Amino acid sequence: MISKETIAEDYKTIQDEICKSLELLDGAAKFEEELWERDGGGGGRTRVIQNGNILEKGGVNFSAVYGKLPDGVKKAFKVEQDDFFATGVSIVIHPNHPMVPIIHMNIRYFEMPSSIDDGQPLRWFGGGIDLTPHYVIEEDARYFHQQLKDVCDRFNIGFYPRFKTWADDYFFIKHRNETRGVGGVFYDRLTATDEITWDTIFEFSKALGRTFAPAYSEIVNRNRFKEFTAQHQDWQYQRRSRYAEFNLVYDAGTKFGLETNGRIESILMSLPPTAKWFYNYEPATGSEEAKTLDLLKKGIDWV
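Residues numbered from 1 in each chain as written. Predicted model: local features only at pLDDT ≥ 70, side-chain atom pairs only at ≥ 80, totals over all residues. Heavy atoms only, no water.

Visitor: Kindly report on the packing of aromatic side chains, identifying the contributing residues and their values.
Guide: To describe a pair of aromatic rings, you give the distance between the ring centres and the angle between the ring planes. Scanning the model with the defined rule gives 26 aromatic pairs in all. Considering the side-chain rings of Y109 and F125, the 4.8 Å spacing of their centres and the 45 degrees angle between planes classify their relative orientation as tilted. You can see Y109 sitting in strand β5 (residues 102-112) and its partner F125 sitting in strand β6 (residues 122-132), a full 16 residues away along the chain. Judged by relative accessible area, F125 falls into the buried class, the value being 0%. An aromatic cluster of three or more residues is present, and its members are F155, F159, F163, W166, Y170, F171, F186, Y187, F204, F246 and Y250. Across the ring face of Y250, the terminal group of K174 is positioned such that the distance to the ring centre comes to 4.7 Å. The side chain of R222 reaches across the aromatic face of Y143, ending 4.6 Å from its centre. (Phe/Tyr/Trp six-rings, centres within 6.5 Å; stacked < 30°, edge-to-face > 60°. Helix = DSSP H or I, 4+ residues; strand = E, 2+ residues; numbered from the N terminus. Buried < 20%, exposed > 50% of the residue type's maximum accessible area, 1.4 Å probe, protein only. Lys NZ or Arg CZ within 6 Å of the ring centre and 35° of its normal.)

Visitor: Account for empty space enclosed by the protein, naming residues and giving values.
Guide: Within the structure shown, the criterion is met by 2 cavities of 30 Å³ or more. Quantified by volume, the largest cavity comes out at close to 50 Å³. Lining the largest cavity are M99, P101, L131, P133, Y135, V136, I137, D140, A141, V182 and I219. Considered as a void within the structure, the second largest cavity measures approximately 30 Å³ in volume. For the second largest cavity, the full set of lining residues is K164, D168, G181, V182, L295, K297, G299, I300 and W302. Its residues assigned to classes, the lining of the second largest cavity shows 4 nonpolar, 2 polar and 3 charged. (1 Å grid on protein atoms, 1.4 Å probe; cavity = no way out; pocket = protein on both sides within 12 Å on 5 of 7 lines; lining within 4 Å. Points joined across faces, edges and corners; volume = space filled by probe spheres on them. Nonpolar A, V, L, I, M, F, W, Y, C, P; charged D, E, K, R; others polar.)

Shown next, in the form of structure tokens:
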């Protein structure tokens, strides 16, 4: 098994690669970096981009933290051990154009030094990528899912259908009875088996991370110069409010960061710069907005 230090270093490299790609995509804005340390152990590199040509607000964050798990997290993870190590890259991008989607990605690794049962480290990988269009453009959704399926199939033919369903279930706003977007792939607690090694899982994690920049760049460039109206932008702000609701109510990463005394600015980086909550908003029948709501459902086969 590759060491946790190597995993963290490779994740830092992926952070570097994605930041360079996003700066090139935007063409104007540059990332600002803040190095931080966690009181309980470890730290990270927060990188934020704002007010660009197309990227209104975004973050590409790396962290590698360790220390003692709070009792609440131990209970949620169903573990008895206290010591932990966690590292990962987390990304959220909010564009300024209603026809360009929000995107999120996370790749992560978690380890506890030893299991009470057999003395071996308890460890797993998790992550995923999902797309949240303000307006669902079906061709873009199909393209996005095909890119994810291609990278999944390189490692295990069962990954995409399994992780796509997992994403549909995870990125679901229960109190609205709608998905956050068109989904993607999501997985957690992925461990080695007789069919797949730790090294293969790590390579998959990195490959998924490196799918982010080319896939998102293609979708941005398809839509960034389309004309839009004030009505389109109001709908964008309405969809952003749903994104904020999910992250504050359901997102496991947000909860983990808050409960382990993570850096609050980095944790809440995912929130949009502007959002609106229109009271009891109902889109007109047959409108572009109504069509989008009809596609915010689980189980749509995009490929």
